Each structure stands twice: as structure tokens, then as C-alpha cells.
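Commentary on secondary and tertiary structure
Here is how the chains run, residue by residue.
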Amino acid sequence: MEAAVNSLFAQKMEIVEIVKMSLQVSGSATIISALIGIPLGAWIGLSEFKGKRFLLKLVYTMMALPPVLAGLLVYLLLSRSGPLGFMELLFTPSAMIIAQCLLVTPIVTGLVSAGVAAKEGLIFEHAISLGASKAQATWTIIKEARTGIIAGVMTGFGRAFAEVGAVMLVGGNIRHMTRVLTTSIVMETRQGNFEMGVALGIILLLLSFMVSSIVLSNADEFSLK
Amino acid sequence: MNLFEISGLRKSFGSRTVLNIDELTLQAGKIYAVLGPNGSGKTTLLRILNLLAAPDTGRIKFMGGDIGISQADRLSVSRQMCMVFQRPFMFRSTVFNNVAYGLKLRRVAKADCEKRVNEALDFVGMGNFVKQSATRLSGGETQRVALARALVLQPQVLLLDEPTANLDPGSVQQIEEIIRKYHQEYNTSVIIVTHNLFQAKRMADETILLINGEVLERASTAEFFEHPRELGTRHFLDGTMVY
Ligand SMILES: Nc1ncnc2c1ncn2[C@@H]1O[C@H](COP(=O)(O)OP(=O)(O)O)[C@@H](O)[C@H]1O
Ligand SMILES: [Mg+2]
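Since we're looking at a predicted model, the values are computed, not measured.

What to know about the environment of Lys134(A)
Residues and elements named next belong to chain A. Among the secondary structure elements, Lys134 is positioned in helix α6 (residues 134-144). Lys134 gets classed as exposed once you look at its relative accessible area, which sits at 53%. With 84 residues separating them along the chain, Lys134 and Lys50 place their C-alpha atoms 21 Å apart.

Shown next as C-alpha cells:
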């Protein structure tokens, strides 16, 4: 009896650990991607330069990058013989974060540049006419595009949180180390533990739902400073 | 004091010249109406005066000084004027924050800012809307908030681009009243673009007729409507102009 309770408790703790790792890896990847993608997307959306169309095509293509491919790329970079092999990051959470950044950054960049470009001229002229400097006007545009920016970041997080190909390849699904929700689902399913797989799947969906609810309910609270 | 001195102003888009003004001097402290058919260059003229667009050639003096030379100079000049656009864009925030926008850019202290915003909103009769979302106002209300957003900055000149187009008669009257009252209280110069002849008659000290980017006639409003010099002006006023 005691053994059964202990095993159940241990199992629960392990699920909590897996959930934490999932949130930590995908959360970090999303934050890093947002830090790169928001300024980059705003810059692409707001400026005119040669090769802009080509750059946008590249970004849009990267938005659809298959996770396994991102994983493979990072795997090659980080493997013992790869150019960054000396850092010994393969099969660590860091490697998983890097791979997911590769997936999420283009999504944030692409959606932010589209969101910012939508009303760019109109807002810019109003801001300038009311006395904004160019920098102030640019900042106003970014703030006006906040719904699009938040949607971009949320989409990016959703993609990272739900993907399995990249984290499996570069993380290796190591117990207590790099195991996350999606890799656990694959593993449980392979071992025939369908109930566990479904349970983990439901946790994944619920968490996604919660995160987007929290973010979206705050979206309207941002005000023009 | 001369508000604007324009000379040799030319602006083209592609091969089309949309503005061609040899000489035009406007005095400070007056209300000017700029009339003209669609596409005659009225908006383009306002945008150039507001430094939103650069002319191809020409020289513009504002309050005696050349404008648009250095970047730092541009900001200080552009902060002395304010344009209200034909279709004003409201920032996605409250009415208060929209009106406070220009003051915040100028780093006006919070208490002072609050006081001025409330005064401006009272001035346009929108005092009860302070906390409302600015993107959910009616056309007339939007236009009044847009006016408050400009008036609060106490500019030397207000550039108004068809401020009452598409408004119901009641709103038109309100807007005209606000502009007139503000002009009287602060002696602010006003340039109002309109294709409503009666509005020009009601509001302006002087009226300027722009046809195909050129100033066809410029006269005191009474003169303009009662004794137009140009045949083209007469056709425009009769509604028999072919363009
Ligand atoms: N950015 C632009 N690019 C090309 N053509 C323009 C642009 N802005 C205005 N025009 C053209 O210049 C002419 C004058 O426009 P505008 O000044 O808006 O006229 P109005 O305000 O008197 O109706 C129009 O024929 C318009 O199509
Ligand atoms: Mg116009």
C-alpha cells in the first residue's frame, strides 16, 4: 500500500518536473526569440531597403521550417565534431532552447513586421505632426501594433511548446534532464502507455490555453505611455 | 508678421506636377480657407507646410525663418504647428492619452499635462469622454478629440484638412464654433482646407483657390465671393467648372 502511494507520488513529481522543463525551455526560447524578433521585425516592417522583399521571403520560408530540420542543424553545430562542439551543449536544455529559437524567431519576426507595416504611414504622420521625433514616432507605431506583436509571440510560444522533432534530436529525452511533455508523449505511446500519453497531451493543451488566456487578457491593459 | 512665405514651390509625383506655387505669403493671426476641387493639391500643400513631405524645389519661410534645413531645426519648427488630418487616426488608448500624446512627447510635467488635457477636452465639449476608448467614437466626436489633441499643444498655426467632410450639419457647426472660438482666444493662425464654399465664407478672413496645383485666386473672403477677378473662380463658384 505504502509502496503504491509512494510510486504514485513519485510519478506525480516526475510529471511536475517534466512540465517545468517544458515551460522553461519553450519559455526561454520564446523570450530570446522575442528579444531578437521584435526589433528585427519592426525594422523590416518600417524601413525601405534593397533586398527587403527577398529578406521577407526568407523569413516567411523560415516560419515553416520543419522542427526536425532545425534540430538537425543544431545537432550538427553542437555535436562533438561540430564547430560549436567544444561547448558540450548537446543533450542539455540549452541545446533545446537554441533549436527552438531557430523555430520561433522567424515566426515572431514575420508576424511583427506584418503587424507593424499595416498602418505604418498613417500612424507615423500623425505622430510626426503632433511633434514626435523619428524615434518617438517609430516607438508609437510599435506600441500601436502591440496586438500583432503579442499574437506573433504567442504563436511562437505555441509552436515551441508543441513541437517534438527538435527537442527530441538535440535533447534526447533524458529522464530528469531533458525530458519535456512532447518527448514524454512520444515515449509513453511507444511503450504502449496510451493513457499516460493522453493525460500528458491534455496537460499540454491546458497549459497552452492558460498561457494564451493570461497574455491575451493583459493585451488590452497596455496603454499609451 | 508673416506666417508662411512660399516661393517657387514645386512638387511632382512621377511626371505629374501637383503643386506649383510661385509666390504665396500668409500672415499670422488669420484664418485662411484653401478651396479647390479634389486632386488640386490641397492636402499636399498642407503636408509640405507641416514638413511631412518635402517639395522638389522652392523655399518656405515660417515665422521669418527658413524651414526644413537641419534635422534638429525641423523638430522645433514642426512642434510649432499641428495638422488635423482628413481622417484622424486615434491611437489605441483612452481619449485622455490621445490628447496627452503631444504633451508627453514634449516632456510636460504630469500635473500640468493633466490640467491642460482636461481644459482642451472641455474646450471641445468632450470633457465627459476622458476615460473612454478613443477608437470607439463617432465621426464628430473623433474629429473633436483630434482638434483637442492639436489645440492642447497651443501651436502657432493649425492646419486643418477638410475637418468637417462627412459630418452631419450639427457636428459641422460644433467644429466650426470650436475653431472660431479658439482662434479668437489665442489668436492662432488657421489654414483650413475645404471644398465647402459656405464654410470658407463663414470662417475665413481670406480665401485661396487652388486649381491644378496653382493659386488661381487669393483675396479677402468677401471680395473672393462677391467680386472674383478670375473667370475660373466664377466657374468654380457657379459649379460650372470643368475639371
Ligand atoms: N504620395 C503620393 N503619390 C502619388 N501621387 C500622389 C501622392 N499624394 C498625392 N498624390 C496626387 O497628387 C494630387 C493632389 O493630391 P491632394 O493634395 O491629396 O489633393 P486634394 O487634397 O486637393 O484632393 C492627386 O492627383 C493625388 O493623386
Ligand atoms: Mg485632400
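Topic: the side chain of His126(A)
Here His126(A) shows up in helix α5 (residues 120-129). If we ignore the near neighbours within four places in the chain, the residues touching His126(A) are Phe85(B), Arg87(B), Pro88(B), Phe89(B), Phe91(B) and Arg149(B).

Here's the deal with the pattern of salt bridges
Residue and element names in this part refer to chain B. Evaluated as defined, the whole model comprises 13 salt bridges over all chains. Across the pair Arg180 and Glu176 runs a salt bridge, and its minimum N-O distance is 4.0 Å. Within this pair, Arg180 and its partner Glu176 are both found in helix α6 (residues 169-186), separated by four residues, close to a single helical turn. A residue is classified by how much of its surface remains accessible, and Arg180, at 24% relative accessible area, is partly exposed.

A closer look at the interface of chain B and chain A
Contact with chain B, which involves 27 residues of that partner, is made by 22 residues of chain A. Each partner contributes to the roughly 2100 Å² buried at the junction of chain B and chain A, and carbon and sulfur atoms together form 54% of this total. Contact with chain A buries area across many residues of chain B, yet Phe89(B), Arg92(B) and Tyr101(B) alone supply 35% of it, more than any other trio. Across the chain B-chain A interface, the total number found is one salt bridge. Put simply, Glu125(A) and Arg47(B) hold a salt bridge, and the shortest N to O gap is 2.4 Å. Applying the counting criterion to the chain B and chain A interface returns 12 residue pairs in polar contact (both at pLDDT 80 or more). Of all the secondary-structure elements, those providing two or more residues to the side of chain B that touches chain A are α2 (71-78), β6 (81-84) and α3 (95-105) of chain B.

What about the environment of Leu237(B)?
Residues and elements named next belong to chain B. Of note, Leu237 is situated in helix α9 (residues 231-238). Each C-alpha atom, one on Leu237 and one on Lys110, is 49 Å from the other, the two residues being 127 residues apart in sequence. Setting aside residues no more than four positions away along its own chain, Leu237 makes contact with Leu197, Phe224, Phe225 and Pro228.

A look at the sheet that holds strand β8 (residues 189-193) of chain B
Residues and elements named next belong to chain B. If you walk across this open sheet you meet the six strands as β6-β7-β8-β3-β9-β10, and the pairing is mixed. Across the chains shown, the open sheet's two edge strands, defined by having one partner strand only, are β6 and β10 (214-220). Taken pair by pair, the neighbouring strands of this sheet meet at an average axis angle of 15°, ignoring direction. Looking at chain direction, strand β3 (residues 31-35) and β8 are connected through four bridges and run parallel. Bridge pairing in β8 places Ile31 opposite Val190. On the sheet, helix α5 (residues 139-151) packs against β6 and β7 (157-161) and is oriented at approximately 175° with respect to β6. Strands β3, β7 and β8 of the sheet are contacted by α6, whose axis makes an angle of about 155° with β8.

Some thoughts on the site of ligand 1
All names here are of chain B. Residues in contact with ligand 1, as listed here, are Phe13, Arg16, Val18, Pro37, Asn38, Gly39, Ser40, Gly41, Lys42, Thr43 and Thr44. At a separation of 2.7 Å, an oxygen atom of ligand 1 approaches a polar side-chain atom of Arg16. A distance of 2.7 Å separates an oxygen atom of ligand 1 from a polar atom in the backbone of Gly39. Coverage of ligand 1 by the protein amounts to 62% of the 560 Å² it exposes when considered alone. Those elements giving two or more residues to the shell around ligand 1 turn out to be β2 (16-27) and α1 (42-49). Top element by residues in the shell around ligand 1 is α1. It accounts for three residues. Classifying every residue of the shell around ligand 1 gives three nonpolar, six polar and two charged.

A short note on the nonpolar core
All names here are of chain B. Ranked by internal contacts, the top residues of the largest apolar core, which has 103 residues, are Phe4 and Ile191. In terms of residue count, the dominant contributor to this core is α3 (seven residues). Ignoring anything within four residues of it in the chain, the contact list for Phe4 reads Leu24, Thr25, Leu26, Leu49, Ile60, Lys61, Phe62, Met81, Val157 and Ile191.

So, the pairing of β6(B)
Residues and elements named next belong to chain B. Side chains Met81 and Met83 of β6 all project onto a buried face; the interleaved residues Cys82 and Val84 project onto the opposite face, where all are buried too. The sheet contact formed by β6 and β7 spans four bridges and is parallel. Residue pairing across strands places Met83 opposite Leu159, the latter belonging to β7.

Overview of the state of the cysteines
Residue and element names in this part refer to chain B. One pass over the full model with this rule turns up zero disulfides over all chains. Counting only cysteine sulfurs, Cys113 is the nearest neighbor of Cys82, a cysteine outside any disulfide, at a range of 15 Å. Classification of Cys82 by relative accessible area gives buried; the value is 0%.

A short note on a nonpolar patch on the surface
A cluster of nonpolar residues, Ile31(A), Ile32(A), Leu35(A), Ile36(A), Leu40(A) and Trp43(A), forms a patch on the protein surface that exposes about 600 Å² of accessible area. With respect to the helices, strands and loops of the structure, Trp43(A) is situated in helix α1 (residues 2-46).

Structural notes on unusual backbone geometry
Residue and element names in this part refer to chain B. Not every positive phi belongs to a glycine, and Leu51 is a case in point at roughly 65°. Along the polypeptide, Leu51 turns up in the loop between α1 and β4 (57-62). You can call Leu51 buried: its relative accessible area is 10%. In this structure, Glu162 takes a positive phi of about 40° despite not being glycine.

Cut-off values and rules
- Each chain carries its own residue numbering, running from 1 in the direction its sequence is written.
- Each chain takes a letter, starting from A, and each ligand takes a number, starting from 1, following the order in which they are written.
- Predicted model: local features are reported for residues with pLDDT of at least 70 only, side-chain atom pairs are reported and counted for 80 or more only, and whole-chain, interface and lining totals are derived from all residues.
- Heavy atoms from the whole structure form the basis of all side-chain values; hydrogens and water molecules are not counted.
- Only DSSP runs of H or I covering at least 4 residues are called helices, and only runs of E covering at least 2 are called strands; the numbering of each starts at the N terminus.
- Burial status follows relative accessibility: with a 1.4 Å probe on protein chains alone, a residue under 20% of its type maximum counts as buried, one over 50% as exposed, and anything between as partly exposed.
- Note on contacts: a residue pair qualifies if any of its non-hydrogen atoms lie within 4.5 Å across the two residues.
- Should a side-chain nitrogen of Lys or Arg be within 4 Å of a carboxyl oxygen of Asp or Glu, the pair is scored as a salt bridge.
- A simple way to read buried area is as the amount of 1.4 Å-probe accessible surface that goes missing from two parts once joined, with both sides added.
- As used in this structure description, the phrase polar contact means that two N or O atoms lie within 3.5 Å; if the pair is within protein, one of them must be able to donate a hydrogen and the other to accept it, and residues adjacent in sequence are counted only when both atoms belong to side chains.
- Two strands pair under a simple rule: DSSP has to find at least two bridges between them.
- As a rule, the C-alpha atoms of each element are fitted with a line to give its axis, helices using only the stretch in contact, and angles between N-to-C directions run from 0 to 180 degrees.
- The criterion for a residue being near a molecule or strand is simple. One of its heavy atoms has to lie within 4 Å of it.
- Computed with a 1.4 Å probe, the accessible areas rest on the Shrake-Rupley method; for each residue, only the protein chains presented here act as cover.
- For this classification, Asp, Glu, Lys and Arg are treated as charged, while Ala, Val, Leu, Ile, Met, Phe, Trp, Tyr, Cys and Pro are nonpolar and the rest, including Gly, are polar.
- To form a nonpolar core, buried Ala, Val, Leu, Ile, Met, Phe, Trp, Tyr and Cys residues must be joined to one another through side-chain atoms within 4.5 Å.
- Two cysteine sulfur atoms make up a disulfide if the distance between them is within 2.5 Å.
- Residues forming no salt bridge and having over 30% relative accessible area are the ones grouped into patches, like charges within 9 Å of each other and nonpolar side chains (Val, Leu, Ile, Met, Phe, Trp, Tyr) within 5 Å.

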